[in-house]
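Secondary and tertiary structure notes
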Amino acid sequence: MRLLDYFKSTRNNNSASTAKDRLQVIIAHERQALRGPDYLPALRRDILEVIKRYIPVSEKQLELHVEQEAGYEVLELNVTLPDEEKIAS
């Protein structure tokens, strides 16, 4: 039975080690996602101010995302524009 206990403990150890490695990868990925460029808040404010010169929008209507693809960064900007009726009034 001693030999059987050895294999059981090794299997549990490998499982725990694999789970730990997977958790570290997940945590590293989440940290990378949270760590955005430092200029994003200022860029967001500047873009919002420029849009406000022409159309009344709030900060809630502006979404700004930066994604990394194939060695370069992509800036995605989504603005929910108000209806024409709201702009005229």
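Here goes a summary of the coordinates provided. In this numbering scheme, every chain counts its residues from 1 along its sequence in written order. Totals for whole chains, interfaces and linings use all residues, but because this is a predicted model, local features are given only for residues with pLDDT of at least 70 and pairs of side-chain atoms are given and counted only at 80 or more. With hydrogens and water stripped out, all remaining heavy atoms of the structure feed into the side-chain values.

Secondary structure elements are defined from DSSP: runs of H or I of at least 4 residues count as helices, runs of E of at least 2 residues count as strands, and each element is numbered from the N terminus. The number of helices and strands found in the protein is 3 helices and 2 strands. By residue count, 9% of the 89 residues in the protein fall in the buried class. Put simply, the protein shows about 8100 Å² of open surface, and 54% of that area lies on carbon and sulfur atoms. Only protein chains enter the accessibility calculation, which uses a 1.4 Å probe; a residue is then buried when its area is under 20% of its type maximum, exposed when over 50%, and partly exposed in between. Accessible surface area values rest on a Shrake-Rupley calculation with a 1.4 Å probe, where residue burial reflects the displayed protein chains alone.

Bringing the pattern of salt bridges into the picture now. What counts as a salt bridge is simple: a side-chain nitrogen of Lys or Arg found within 4 Å of a carboxyl oxygen of Asp or Glu. Across all of its chains, the model carries 1 salt bridge by this definition. Here R44 and E59 are joined by a salt bridge, their closest N and O atoms 3.7 Å apart. Of the two residues, R44 is situated in helix 2 (residues 40-52) and E59 in the loop between helix 2 and strand 1 (62-69); the sequence distance between them amounts to 15 residues.

Here the focus is the pairing of strand 2 (residues 72-79). Pairing between strands is defined by DSSP: at least two bridges between them are needed. Bridge analysis of strand 1 against strand 2 gives 8 bridges, and the strand direction is antiparallel. When the sheet's bridge partners are listed, E63 is paired in strand 2 with N78. The antiparallel hairpin formed by strand 1 and strand 2 contains 2 residues in its connecting segment, where A70 sits at a positive phi of about 50°.

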